[in-house]
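Single-letter residue listing:
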Amino acid sequence: MAAQDQATAPGTSRSLARSRPRYGESVIKVVLMAAAMISVATTIGIVAALLEPTIEFFSEISFGEFFGSTTWGPLFNPAHFGVWPIIVATLEITLIAVVVAVPLGLAAAIYLSEYATPRVRKIFKPVLEVLAGVPTVVFGFFALAFVTPLLRDWFPFLDLEAKNALAAGLLVGVMIVPIVASLSEDSMAAVPNGLREGSYALGASKMLTSVRVVVPAAFSGIVAAVILAISRAIGETMIVAIAGGFKAVFTFNPTNEMSTMAAFIAQAGSGDASVGSIAYKTIFAVGSLLFIMTFVMNWFSARLVQKYREVYD
Amino acid sequence: MQNVSVRGPEVPRNIEALDPVFTVSDLSVFYGAYEAVRGVDLTIGNREITAMIGPSGCGKSTVLRCFNRMNDLIPGARPAGKIFFHDEDLYGDHVDPIEVRRRIGMVFQKPNPFPKSIYDNIAYGPKVNGMKGKMDSIVEEALIKAALWDEVKDKLKQNALSLSGGQQQRLCIARAIAVKPEVILMDEPCSALDPIATTKIEDLMQELARDYTIVIVTHNMQQAARVSDRTAFFTAEVDDAGERHGRLVEFDETSRIFTNPSDKRTEDYITGRFG
């Protein structure tokens, strides 16, 4: 203290130049930058790794056959490369999941953000987030061994196959509920309290305030949450592989066994497709398509979020 | 209420007889175990502007927020004592706070328009209250009354957040008017605004006082002196245990409070000796 006082005392002339080099600072900067670069480099690496076999694939199989026919069976003899059955299966299971997750997740978010007492919220939210930590293989087995038999008991007229898109989609939905609920709740909690007060002061009930003021004000965050959840659902592999099956049939009927794109990759990748074979290259072609779908999705969500973002000062 | 003296030729507006809208007797407000305001007696006159002034932490906003039961929304907040709205106990068991808030509107310190269009901001209240009538004319009427119509009539579909701070606050007043309340409570409505916007709001309050009862909380003594008919001066007292409690010191016609206050503390405050 005394030394410092002395140094800054008037009259003492001390240069303002750095008194000693701070190496720590530059080391930290390099380490942090490296950490940031690794994730970027990984993404670029994945794209590069996907690209080459994909190009090779399309030099053997025409775009027309890939996107123009509806028979899928690259591992069979004779092989078929019409990708639509697995695209339809992917989208259908995603749709079922969204139909489950959006209402459930939003309702949970509204409850947590608007109705729950701070104490309930403090217990409830971590529990909800634990659901996001359940390994998806557990969900898959649960769908296969519990949900499908239950659905068969309750709705015998559906004539469910042992593996089916319905049970898989329902459980993918349950899996993404925490994403929708937790992120939506975050963005609803960020809505300024003044807006709620303004609504209550006009004689609006809690329900109307939640639905007509808070949810619209948090809309950009909710959209982002839903899109992120959809991205997770599109790429989900374990649940659909276990409960949805691997049979690629071109159908819209969710009671059938269906193979999604991710399930196909898992199946073909864990099989004995030899490196360089057409089956091997198909994995990468489907992987690229999946990558493009989620990429477009995320880009779209970024645009949407920007458009609906409300700036509160 | 014995200290309410009524009469005097120097009184600007005719406020001879006090026609009570709110009658407050021995009101205390607790937040949990803490008594934020203690023993307030006050009468709010019909179609008058009543100002509540005093230093920070004196409980004036807390009292204001009892008038439309806004304090209900704060966990642990609890009033003791009585507030009558006309001759109905505002905190009676049969009273629905939602109905209370429809009849007693509120404008807040910080303009808080909804992130919707100007039109939808006004239409929100009438819609949630299921009001009958043509929405376009309800919106127009509210905006005209809030002296905002000429500025926004060509951009009703624009987002309300694109308006200036002063316009946003007048929009919030219009929004409150649209549900046809009897009383408008204003909690420091000009504290976030520049002087020109403040003047507009003050002029507007004078206009509105013809049809509405207005209670305004303000930090700004000159504002209270300019706009109000009666003024309630609050201060914070520290009790033996070292806790601060808001107290009503003096309630009188504004002209009297500012020229001839009966309490020394009021005089000290308005002459700027403390606060």
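Source: prediction; values computed, not measured.

What counts, and at which threshold
- Residues numbered from 1 in each chain as written.
- Chains lettered and ligands numbered in written order.
- Predicted model: local features only at pLDDT ≥ 70, side-chain atom pairs only at ≥ 80, totals over all residues.
- Heavy atoms only, no water.
- Helix = DSSP H or I, 4+ residues; strand = E, 2+ residues; numbered from the N terminus.
- Buried < 20%, exposed > 50% of the residue type's maximum accessible area, 1.4 Å probe, protein only.
- Contact = heavy atoms within 4.5 Å.
- Areas by Shrake-Rupley, 256 points an atom, 1.4 Å probe, with all protein chains shown as cover.
- Salt bridge = Lys/Arg side-chain N within 4 Å of Asp/Glu carboxyl O.
- Polar contact = N/O pair within 3.5 Å; in protein donor to acceptor, adjacent residues only side chain to side chain.
- Nonpolar A, V, L, I, M, F, W, Y, C, P; charged D, E, K, R; others polar.
- Phe/Tyr/Trp six-rings, centres within 6.5 Å; stacked < 30°, edge-to-face > 60°.
- Lys NZ or Arg CZ within 6 Å of the ring centre and 35° of its normal.
- Axes fitted to C-alpha atoms, helices over the stretch in contact; angles between N-to-C directions.
- Left-handed = near helix turned anticlockwise from the far one by under 90°.
- pLDDT = per-residue confidence, 0-100.

Asker: Can you walk me through the overall build of chain B in this structure?
Answerer: Within chain B one finds 10 helices and 10 strands. Dimensions of chain B, computed from the C-alpha atoms along their principal axes, are close to 55 × 40 × 35 Å. Put simply, chain B has 275 residues, and 55% of those count as buried. Within chain B, contacts between residues separated by at least 24 positions form 70% of all contacts whose residues are at least 6 apart in sequence. With an accessible surface of roughly 11,800 Å², chain B has 49% of that area assigned to carbon and sulfur atoms.

Asker: Even after reading the chapter, I still don't get the overall build of chain A, so can you show me in this structure?
Answerer: In terms of regular secondary structure, chain A is built from 13 helices and two strands. Summarising its shape, the C-alpha atoms of chain A cover approximately 95 × 60 × 35 Å along the three principal directions. The buried share of chain A, reckoned over its 313 residues, is 42%. Taking as baseline every contact in chain A between residues at least 6 positions apart, the subset at least 24 positions apart corresponds to 70%. For chain A, the exposed surface amounts to about 17,000 Å²; the carbon and sulfur share of it is 69%.

Asker: Sorry, what's going on with the interface of chain B and chain A here?
Answerer: How large an interface is tends to be reported as the accessible area lost when its parts come together. Tallying the contact residues gives 27 residues for chain B and 21 residues for chain A. The tally of links from chain B across to chain A stands at one salt bridge. Inspection of the chain B/chain A interface yields five residue pairs in polar contact (both at pLDDT 80 or more). For the side of chain B that touches chain A, the elements supplying multiple residues, two or more each, are helix 2 (97-103), strand 6 (104-107), helix 3 (118-128) and helix 6 (165-178) of chain B. A per-element tally of the side of chain B that touches chain A places helix 3 of chain B first, with four residues. Tallied by class, the residues present in the side of chain B that touches chain A amount to 14 nonpolar, six polar and seven charged.

Asker: Help me understand unusual backbone geometry, please; the structure alone is not making it clear to me.
Answerer: Note: most peptide bonds trans; most residues except glycine with negative phi. Cis geometry marks the peptide bond from Asn77 of chain A to Pro78 of chain A, where omega comes out at 0°. Note on placement: Pro78 of chain A falls in the loop between strand 1 (72-73) and strand 2 (80-81). Even without being a glycine, Arg69 of chain B presents a positive backbone phi close to 55°. Mapped onto the fold, Arg69 of chain B is located in the loop between helix 1 (60-67) and strand 4 (77-85). A residue is classified by how much of its surface remains accessible, and Arg69 of chain B, at 11% relative accessible area, is buried. Look at Ala147 of chain B: it is not a glycine, yet its phi comes out positive at around 55°.

Asker: Which parts of the structure should I look at to understand the packing of aromatic side chains?
Answerer: Here the distance between the centres and the angle between the planes together describe a pair of aromatic rings. Following the criterion strictly, the structure yields 19 aromatic pairs over all chains and no others. An angle of 70° between the planes, with centres 5.8 Å apart, marks the rings of Phe57 of chain A and Phe81 of chain A as edge-to-face. One end of the pair, Phe57 of chain A, is in helix 2 (residues 23-60); the other, Phe81 of chain A, is in strand 2, and 24 residues separate them in sequence. Neither residue differs from the other here; Phe57 of chain A and Phe81 of chain A are each classed as buried. Every member of this aromatic cluster is reached through a ring pair, and the members are Phe57, Phe58, Phe63, Phe66, Phe67, Trp72, Phe81 and Phe264 of chain A. Here the basic side chain of Arg78 of chain B rests over the ring of Phe30 of chain B, its NZ or CZ set 4.7 Å away from the ring centre.

Asker: When you look at the pattern of salt bridges in this model, what are you seeing that I'm missing?
Answerer: Think of it this way: side chains of opposite charge can pair up when their charged atoms draw near. Residue and element names in this part refer to chain B. Scanning the model with the defined rule gives 24 salt bridges over all chains in all. Between Asp72 and Arg69 there is a salt bridge whose closest N-O contact spans 2.9 Å. Residue Asp72 is classed as partly exposed on the basis of its relative accessible area, which comes to 32%.

Asker: What is the right way to read the packing of helix 4 (residues 84-115) of chain A against helix 7 (residues 165-189) of chain A from this model?
Answerer: Geometry of a packed helix pair, given as the angle between the helix axes and the separation of the axes. All names here are of chain A. Relative to each other, helix 4 and helix 7 sit at 35°, their axes nearing to 6 Å. Between helix 4 and helix 7 lies a crossing whose hand is right-handed. Its residues placed into classes, the contact of helix 4 with helix 7 shows 24 nonpolar, five polar and two charged.

Asker: I tried to follow the side chain of Asp229 of chain B on my own but got confused; where do I start?
Answerer: One can find Asp229 of chain B in the loop between helix 8 (221-227) and strand 9 (230-238). Here Ile49 of chain B takes part through its backbone nitrogen, which lies 2.7 Å from a polar atom of the side chain of Asp229 of chain B.

Asker: Hey, could you run me through the confidence of the model for chain B in this one?
Answerer: Mean pLDDT over chain B works out to 89, with 93% of the residues at or above the 70 mark. Low confidence marks residues 1-13 of chain B, where pLDDT is under 50. Its contacts with residues over four positions away, or in another chain, come to 31 contacts.

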